Amino acid sequence: MNCLEFRRVVLEEPQQLPPALSEHKQQCKDCQRYYTQLQEQEALLMEALAVPVPEDLAAKIMLQCSFDQTADQEVSEAEPKIVPLKSKSKTFRQFIGGFAVAASVMMGVVFWQAHLNSEQQQLTEMFVQHMEHEAHSLVLEEPISVGRVGFTLNNVGIKPMAELANVTYAANCVIEDKMVAHLVVKTDQGPVTVLLMPHKQFGDEFAEEAKQWQVALTNMKQGSVAFIGPKSLNLEPIQQQVMQSVDVLQI
Ligand SMILES: [Zn+2]
């Protein structure tokens, strides 16, 4: 065995020294020194590799890798890449921000709806109160003359376009400082009170109930009409008949 052969085999398998190599080492001083240096390097390498490693190191590395991937997806090229958690919390804040805006809009709608409902409920109660104040009008049986109905309507600037059948009561009353035409139309299901208020616009049309009564507010070309009848009654036919029979004159 020559020196070259000895060093090649020793590099391949430094731990175990076959008898032929051991024999050469004892005879050759250079190879003996070479082998000693190789053994020292080997020992240093083993020492370096023997540094204790945290048990969850692998998990930490994998977690960091997944954050880096998320950051790459979320953060543009111009932004620094080492802030994956910041970019995540920013997204969360945006989500929370959007939720807060949506919630406040929803609250606004709910409050507006409640405000609107209470306003309509107040109007409903006012119309019912007015009707009950003239309760005697509800028990009249005999239809009044077309002339009388026309006169009552004319007093508030309303022109009759067709004959209103079965009107048993017609009077001019005051509601919220404005003169109105107060009619009662007799039907099979009970009396329907019609308050024609060309000088009063109460806003959106609505249908509400109060006690045993139902109230429907309809808008005319100018002003509003309130229909009040028993809850069980279908107001629609009377509403149609009245709306087709009157026209508001230019006030
Ligand atoms: Zn009245």
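Anyway, here's the lowdown on the structure attached to this text. (Residues numbered from 1 in each chain as written. Predicted model: local features only at pLDDT ≥ 70, side-chain atom pairs only at ≥ 80, totals over all residues. Heavy atoms only, no water.)

1. Quick word on the pairing of strand E7 (residues 224-230)
Here's step 1: With seven of its seven residues buried, E7 lies for the most part within the structure.
Here's step 2: As paired strands, strand E4 (residues 190-197) and E7 are joined by five bridges and run antiparallel to one another. The residue of E7 that forms the bridge with Thr193 is Ile228.
Here's step 3: If you look at the hairpin formed by strand E6 (residues 213-219) and E7, you'll find four residues sitting between the two strands, and Gly223 has a positive phi there, around 80°. (Buried < 20%, exposed > 50% of the residue type's maximum accessible area, 1.4 Å probe, protein only. Helix = DSSP H or I, 4+ residues; strand = E, 2+ residues; numbered from the N terminus. Pairing = 2+ DSSP bridges.)

2. Observations concerning the coordination of the zinc ion
Here's step 1: Taken together, His130 (NE2), Glu134 (OE), Cys173 (SG) and His182 (ND1) make up the full set of protein donors to the zinc ion, lying 2.0 to 2.1 Å away.
Here's step 2: If you look at the zinc ion, its four donor atoms make angles of 87 to 121° with each other, and the shape they trace is tetrahedral.
Here's step 3: Every donor residue of the zinc ion comes from the same chain, spaced as H-x3-E-x38-C-x8-H. With a gap of 43 residues between them, His130 in helix H5 (residues 84-133) and Cys173 in strand E2 (residues 167-175) connect regions that are remote in the sequence. Across the pair, exposure class does not vary: His130 and Cys173 are buried alike. (Donors = N, O, S within 2.8 Å, 3.2 Å for Na, K, Ca; no water. Tetrahedral: all angles 85-135°; square planar, octahedral: opposite > 155°, others 65-115°.)

3. Comments concerning the nonpolar core
The nonpolar side chains of a soluble globular protein tend to be buried, and buried together.
Here's step 1: Counting residues in hydrophobic clusters, the biggest one holds 23 residues, and the most contacted among them are Leu153, Leu183, Val194, Leu196 and Phe227.
Here's step 2: Looking at this core, the elements with two or more residues in it are helix H6 (146-154), E2, strand E3 (178-187), E4, E7, helix H7 (236-245) and strand E8 (246-248).
Here's step 3: The residues contacting Leu196, other than those within four sequence positions of it, are Leu153, Ile158, Val180, Ala181, Leu183, Met220, Ser224, Val225, Val242 and Val246.
Here's step 4: Listed in part, the 21 residues of the second largest apolar core include Phe127, Met131, Ala210 and Ile228. (Core = buried A, V, L, I, M, F, W, Y, C linked by side-chain atoms within 4.5 Å. Contact = heavy atoms within 4.5 Å.)

4. Quick notes on helix H1 (residues 3-12)
Here's step 1: Regarding H1, the residues found buried are Phe6, Val9 and Val10. Projection of H1 onto a plane perpendicular to its axis shows the buried side chains occupying an angular sector of 100°, all on one side. Exposed positions of H1 whose direction lies more than 90 degrees from the buried face are Leu4 and Glu12.
Here's step 2: Measuring from the side-chain oxygen of the N-cap residue of H1 to the backbone nitrogen of Leu4 gives 3.3 Å; that N-cap residue is Asn2. (Arc of directions from axis to C-beta. Polar contact = N/O pair within 3.5 Å; in protein donor to acceptor, adjacent residues only side chain to side chain.)

5. Re the side chain of Ser224
Here's step 1: Mapped onto the fold, Ser224 is located in strand E7.
Here's step 2: The class for Ser224 is buried, based on a relative accessible area of 0%.
Here's step 3: Contacts of Ser224, omitting those with residues within four sequence positions, involve Leu195, Leu196, Met197, Pro198, Lys200, Gln201, Phe202, Leu217, Thr218 and Asn219.

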